[in-house]
Every structure is written in C-alpha cells, then in structure tokens.
Protein chains: 2
Amino acid sequence: MKIVLDAFGGDHAPLAVLEGVALARQEFTDIDFILTGDETQIKQVAAEHSISLEKVEIVNAPLVMPVCAEPSAIRKEYKDSSLAVALRILAEGKADAYVGAGSTGAIVFGATFIVKRLKGVKRLALAPVMPGDEAPFMLLDVGANADCRPEMLVQFGMMGAAYMDKVMGVKNPKIGLVNIGAEESKGSMMYQEAHQLFKKADFNFVGNVEPRYVLANQADVIVADGFTGNVILKLTEGVAKTFSKGIKGCFTGFTGKLGGLLVLKKFKAFKKKMDYTEHGGAVLLGCSKPVIKAHGSSNGKAFKNAIWQAYRCTKNDVIGQIADSLAQMDTKNTEEVS
Amino acid sequence: MKIVLDAFGGDHAPLAVLEGVALARQEFTDIDFILTGDETQIKQVAAEHSISLEKVEIVNAPLVMPVCAEPSAIRKEYKDSSLAVALRILAEGKADAYVGAGSTGAIVFGATFIVKRLKGVKRLALAPVMPGDEAPFMLLDVGANADCRPEMLVQFGMMGAAYMDKVMGVKNPKIGLVNIGAEESKGSMMYQEAHQLFKKADFNFVGNVEPRYVLANQADVIVADGFTGNVILKLTEGVAKTFSKGIKGCFTGFTGKLGGLLVLKKFKAFKKKMDYTEHGGAVLLGCSKPVIKAHGSSNGKAFKNAIWQAYRCTKNDVIGQIADSLAQMDTKNTEEVS
C-alpha cells in the first residue's frame, strides 16, 4: 500500500510528519510512503533527527500553500505546492490514500476538484472521530458546508455509517441527528425536514441527539450541518481548554502541587482518553479516494494515527462501501419515484 | 417593587421558590412578593421549613402546567395555571417583574401573547448570562427562535447591550457574532448577511466570535440564532459535566482521595466560578416587562439570583432602554430609506 503525505502541512512540519512516518513504519510493515515538499529540507531534517528514509519516496515540491491563501488558489498559483502535488499523486492512482495537515479549505477544495467526489455524492463532509464519555464517535460535517440541505445530511449519515463499520469495527452503527430537542418537531425547518428523511433512510437511525448528550455516546455517528458541526467541534475544544486551565490552577501552591502528584497518573489517563488526536484526523467522506485531514497542531503521534486511519480506510475499502450504499440509495429512490 | 413568582415552576418547587424568596428578602428590603400556586400547599411547605411568609401575597392557582404540555396550551387548558396567572398579574401591572422556572416554551409563548412584546421587537430572545474565563457574558438567543433572519440578530445584539449596560454595569458593551471563522466571508449565508448588518449597527461590534473562544470573553454579548445558541449553551453544560465526572474519577482510591482533600478549596472556588446559576436565569429580552426564566433545576440560591436579576432589570429600567434603542434604530432606518 502507498500513502502520500504533504510533508509541509501543519504547525510542526516537516519534522512531525517524518516522526509520524517513522512511528507508522514500525507498526504497519506493508506501507510505502511518498512525501511531497522541499526535498533538500526533508532530507536535512531527517538527518538531523536520525530518522531513516527507508520506504520513503520524496517528490520535490518546494512551494508551500499558506493557511491564509484562498482555497481555490490550489488550482492556480499553488498548483505546484506540496499539497496540490500530493493530491494529484492520489488522483492519478500513484498512491492509495492521502494524509496532510494543510489548510482545511484548500484540502476540501482540492479533494473536490483534483481527487473528485464519488458519483452521486452531493457534498464532501469533514468527519473527525471524537472521544466520547465511553467510546469514540464520528461527528460530521464539521465545516466543509456551512449551508446544508436535508438530503445532504442523509448522505452524511450513510457515509459516517460506512466509516464506523469498516474502520472502527462498529457493526450496524447508530446514527443520530443533532437537534435542540428530542422530539421530531424540534429545531429549525431544515432539521425538521432532515428528521423525516432520516426516519426513511436505510440506516440505524436512533433519533435526535441533544447538544448536552453529544459526548454521551447516544449514537456512533452524529450528523449536523457544517456550521453547527464546526460549532460543536470547536466549542468542545474551547470548553475543555477552560476546564483544563481551571483545574491546572488548582494544583498550584505547596498543598496543590502535592495533591497534583497524588492524582497525576489518573489525570494522565483521563487526558489521554479525551485526546482527540488518538483516533487520527478528520476524513473527507464522499471523496473518491481516502483523504485524511490531520489537525494543524499534529505531532508525530497524531500523524501516525492519521496514517493508521488512511491505512484502515484503504485496507477495508470504505470508499467501495460508500459507493455501494450510494448506489442502493439511488436504486431505492428511483423505485420510489417510478 | 413587586415581583411575581410562579411557585410551582421547576424541579424543586415550591420549596426552592420559598427559599429563594427568603434569601432575597434579607438582601433587598424593598421587594414585595406575589406567589401563584396552590395556596394550601405553599403555606404547608413554608410552615414545615419555618419559612416566614412576610411580604408575600399568595394568589391561589392550584393548576400546574406540565413541562411536556404544548406551549400554546397556556391560553387554553392551562389558562388558570400558576404560570399563566403569574404572567397575567405582570401583564395587568399588578407586579413589576416575573420570575419562574416553568417550561421554556410556555414562558416564551406566554411572554409573547400575554405580557406582549415591546413595539418593534421582531422576536423575543432567551438570554442567559454565562460564566466566562475572566468575566460573565450574555449569550442570546439560546432557543426561543430556531430559525432566524439577519435583522433579528441585530435586535438581539442591541437588546443584549442594554442588559449588560443596565444590569451588569458594563459600559459600552462589546457585541460579537458567533461564527465558524473570524473573517466576514465565513459561515452560512445568514451569518454573512448578519455580519454586514452588525457592521452598520449602532453598537460596539467587535466582529465574529469563533466557537472555541466563546468562553474567552472576546465580547460581553454574543449573538447567535436560537438553534446555534441552544447548541452552545447545552453543549457547554454537557462538556463541563463530562469533565467534572472525569476529574471526580481521579479522586478515588486512597491517594486520590488524599489528593482531592489537598485541592478541595481551590476546586470549590473554580466550581463556583463556572456555576451558571450565579448570575440568575435567562431574561426574555424584547418583552414589554421583565420576565426571568430560572433554570428548571434551580435551588433556593438560584431563585434568589433570578430575583436579583428581576430587581436590577426593574430598578435600572432595562425595558425603557431597549424601547429607546429600538426607537432610535427605527428613526435611523426610516432616514436611510427616505
């Protein structure tokens, strides 16, 4: 299997990418890597940190697409950037999956217009796996589409189900719809319509999930429009940060520090459980090939987890599963209409 | 000043309401109270808990409107409920402000159709004051309107500004608009349009507030549509609960308990800071009289804080301030059109 990585995406590139590759190479012996970016710099950083480049092919692409650039620039002034080159390698079939921590907007744009969507997919959805109270769950869309129509949400649910089944091993995953009340009459007009479509859809719909229960594992896949999904993802991070800061403040002074020492081990375990990089990055569901968007602040371990995701997606053919489900949905709709 | 309370709203009614009145009576000597509900029961609970009924008038209304009832039933089968009677007392000018923890939907409906909106107000907004990292801030709307138009959000901002100024003493409050990016081109079409209107509005607009910074005090008033606002409010509670539970779990076992004892005082201070009942309930902004919706799980202290809110709203004439701002806005718009 071949995985292509944009070596210059993310805050700690290219070192974190190289570290991720080194970690992944130990765990998955059947992966070959392609790194795109400034070849001289990649080789230099690898040498400085004694990271071997075994099983790594480098495709020289010195231009870096900045995070602030317009996404559409990936087809114009940044068409030779490490990001664009990596996506082209994927599109041309020279790699099986892509992993990178570049700008979300550019990756969504590039996945749509360079790698292309699966036939029948209305919109790509950005879908991270998040840590819940008891188990991880998938939330989508978290920002690829700020305005959604109800039928887009149904596709999101179906694609999320395929991912949780094939990659996370959750059989017959439970699909929930974010809403501000449990009753089907609750929420905006769009969510009320979506609820009706979800009831008829060919997946295990468990009803509305209220925001206060988002982390409570009521569903394995939680569907939202991209605006609401982004609010949920980012607010969760924000509140977690406020709490972490507040709690850290309790462990100051002599007694505080002593108290901290006594609970250190358990705190670390809790922190690991709530670490959203444990399950990799966000998948761009609906794309014709596996595209994984790693978090901008990814370290080596986070990149390794994103590579694991790309590996599982490829090995278990998530794309094929989504294509099949789309075809079935299409047949069903045609039958209903005729 | 006279404040009317629905004695049978909330999970711990009527005891918590009576306790709230007792606490408030000590602090604000110029308030007289009207309690609506089953007179026999109120007197019995007061006697059992040795709570004096000094300065308390009871209006007998034995019917209780259940939380699950349709909001519009407040004008039909529940028109004689403790909630409806309390709102009518307010509407008829026999009290200056209302406080109650009944069903949100019914209170919004009752405030709109029994107490009535201020002239020119498009929609009432449910507006709680939330604890931020450094200071409290107002978030609105948190659920009175699941579908909003951009011009409604502008009114929300203006009304929130009046509240923060008059009740919380924040001069020239900063108004922010929730959005999934800082740039004005970000977010759904509705939010993009709202951003343009906010830029022209006659208040201190500080731009978009990203979800991860909602608690970071970038603004004194954060405006959202009711769907998104409700997601923010409830998700914050949910994530806080997950963290509280996770942290509590760290303080088990011998060393854990010992560690907990050492940081107990600081933890309590942090918990108090993050307690959303510290600043009272949610105000129904846009109503022609002060209507405070207390949290369903309110205890005596939470009711006392909600009474404090009603007291400040009345004493500092928040309604008058909102009416003035609306009139100014109206004049400005008329001038712009002509």
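What this report covers is the structure whose coordinates are included nearby. On a predicted model such as this, the values are computed, not experimentally measured, just so you know. (Residues numbered from 1 in each chain as written. Chains lettered and ligands numbered in written order. Predicted model: local features only at pLDDT ≥ 70, side-chain atom pairs only at ≥ 80, totals over all residues. Heavy atoms only, no water.)

Moving on: the pattern of salt bridges. Throughout the structure, instances matching the rule amount to 22 salt bridges over all chains. Note that E237(B) and R212(A) form a salt bridge whose closest N and O atoms lie 3.6 Å from each other. Placement of E237(B) in helix 7 (residues 226–250) and of R212(A) in the loop between strand 8 (204–209) and strand 9 (221–223) is noted, with the two residues assigned to different chains. Residue classification places E237(B) among the buried positions, given a relative accessible area of 16%. K315(B) is paired through a salt bridge with D30(B); the nearest N and O atoms lie 3.1 Å apart. On the criterion of sequence distance, the pair formed by K315(B) in helix 9 (residues 300–315) and D30(B) in the loop between helix 1 (15–27) and strand 2 (32–37) is long-range, its members being 285 residues apart. Counted as one network, the salt bridges with shared partners bring together K79(A), D80(A) and R88(A). (Salt bridge = Lys/Arg side-chain N within 4 Å of Asp/Glu carboxyl O. Helix = DSSP H or I, 4+ residues; strand = E, 2+ residues; numbered from the N terminus. Buried < 20%, exposed > 50% of the residue type's maximum accessible area, 1.4 Å probe, protein only.)

Residues and elements named next belong to chain B. Here D141 lies in the loop between strand 6 (136–140) and helix 5 (150–166). Owing to a relative accessible area of 0%, D141 belongs among the buried residues under this scheme. Distance from D141 to L284, taken between C-alpha atoms, is 9.3 Å for residues 143 residues apart in sequence. Apart from the residues within four sequence positions on either side, D141 is in contact with A125, L126, F156, A224, D225, G226, G229 and N230. (Contact = heavy atoms within 4.5 Å.)

So, on to the relation of the copies chain A and chain B. Expressed as a screw transformation, the operator carrying chain A onto chain B has a rotation angle of 180° and an axial translation of 0.0 Å, and the superposed copies differ by an RMSD of 0.0 Å. Both copies of the chain, as the preceding transformation shows, are related through a two-fold rotation axis. Closest approach to the rotation axis within chain A is made by the C-alpha atom of G259(A), at a distance of 1.9 Å. Comparing interface residues between copies, 100% of those in chain A also lie at the interface in chain B; the contact surface is shared. (Least-squares fit on C-alpha atoms with pLDDT ≥ 70 in both.)

With that settled, consider the nonpolar core. Core analysis: the largest hydrophobic core is formed by 247 residues, its most contacted members being M138(A), L153(A), F198(A), L153(B) and F198(B). Apart from the residues lying within four places of it in its own chain, the contact partners of M138(A) are A127(A), P128(A), V129(A), G160(A), Y163(A), M164(A), D220(A), V221(A), I222(A), V283(A) and L285(A). (Core = buried A, V, L, I, M, F, W, Y, C linked by side-chain atoms within 4.5 Å.)

Attention now goes to a nonpolar patch on the surface. Taken together, the side chains of F254(A), L258(A), L261(A) and L264(A) make up a nonpolar region of the molecular surface, amounting to roughly 440 Å² of accessible area. As for its position among the elements, L258(A) is in helix 8 (residues 253–273). (Patch = residues over 30% accessible without salt bridge, like charges linked within 9 Å, V, L, I, M, F, W, Y side chains within 5 Å. Areas by Shrake-Rupley, 256 points an atom, 1.4 Å probe, with all protein chains shown as cover.)

All names here are of chain A. Read from one edge to the other, the open sheet built from 11 strands follows the order 3-2-1-4-11-10-5-6-9-7-8, with strand pairing classed as mixed. The open sheet has two edge strands, strand 3 (56–60) and strand 8, and neither has a second partner. Within this sheet the neighbouring strands show an average axis-to-axis angle of 25°, counted without direction. Here strand 5 (residues 125–131) runs beside strand 6 (residues 136–140); their pairing, made up of 3 bridges, is antiparallel. Counterpart to V129 in the pairing with strand 6 is M138. Along the sheet, helix 1 (residues 15–27) makes contact with strand 1 (2–6), strand 2 (32–37) and strand 3, crossing strand 2 at roughly 175°. In the packing of helix 4 (residues 104–116) onto the sheet, contacts are made with strand 4 (97–100), strand 5, strand 10 (282–285) and strand 11 (291–293), and the angle to strand 11 comes to roughly 170°. (Pairing = 2+ DSSP bridges. Axes fitted to C-alpha atoms, helices over the stretch in contact; angles between N-to-C directions.)

Each pair of packed helices can be summarised by the angle the axes make with each other and by the distance between the axes. All names here are of chain A. Running from amino to carboxyl end, helix 5 (residues 150–166) crosses helix 6 (residues 189–200) at an angle of 50°, the nearest separation of the two axes being 8 Å. Judged by the inter-axis angle, helix 5 sits oblique to helix 6. Both helix 5 and helix 6 take part in a crossing whose hand is right-handed. Residues P150, E151, L153 and V154 of helix 5 pack against M190, Y191, E193, A194, L197 and F198 of helix 6. Counted by class, the contact of helix 5 with helix 6 contains 8 nonpolar, no polar and 2 charged residues. (Parallel < 35°, antiparallel > 145°, perpendicular 65-115°, else oblique. Left-handed = near helix turned anticlockwise from the far one by under 90°. Nonpolar A, V, L, I, M, F, W, Y, C, P; charged D, E, K, R; others polar.)

Residues and elements named next belong to chain B. Neither face of strand 10 (residues 282–285) is open: one carries A282 and L284, the other V283 and L285, and all of them are buried. Where strand 5 (residues 125–131) lies against strand 10, 4 bridges are found, and the strand directions are antiparallel. In the strand pairing of strand 10, A125 is matched with L285. Note: strand 10 against strand 11 (residues 291–293), 2 bridges, orientation antiparallel. When the bridges of strand 11 are listed, V283 appears paired with I292. Counted between consecutive antiparallel strands, the loop separating strand 10 from strand 11 contains 5 residues, among which G286 sits at a positive phi close to 105°.

Chain A puts 48 residues into the contact, and the matching count from chain B is 48 residues. At the boundary of chain A with chain B, total buried surface from both sides reaches about 4,400 Å², with 75% on carbon and sulfur atoms. The interface formed by chain A and chain B includes 2 salt bridges. Between the two partners, chain A and chain B, sit 2 residue pairs in polar contact (both at pLDDT 80 or more). If you list the elements that add at least two residues to the side of chain A that touches chain B, you get helix 6, helix 7 (226–250) and helix 8 of chain A. Per-element tally for the side of chain A that touches chain B: the top contributor is helix 7 of chain A, with 21 residues. (Buried area = accessible area lost by both parts, 1.4 Å probe. Polar contact = N/O pair within 3.5 Å; in protein donor to acceptor, adjacent residues only side chain to side chain.)

Here we come to the sheet that holds strand 5 of chain B. Working definition: the strands of a sheet are paired by backbone hydrogen bonds and lie parallel or antiparallel to each other. Residues and elements named next belong to chain B. Read across the sheet, 11 strands follow the order 3-2-1-4-11-10-5-6-9-7-8 without closing on themselves; strand pairing throughout is mixed. Of all strands in the sheet, those bounded by a partner on one side alone are strand 3 (56–60) and strand 8 (204–209). Shown here is a sheet whose adjacent strand axes are inclined to one another by a mean of 25°, direction ignored. Along the sheet, helix 6 (residues 189–200) makes contact with strand 7 (174–178), strand 8 and strand 9 (221–223), crossing strand 7 at roughly 165°.

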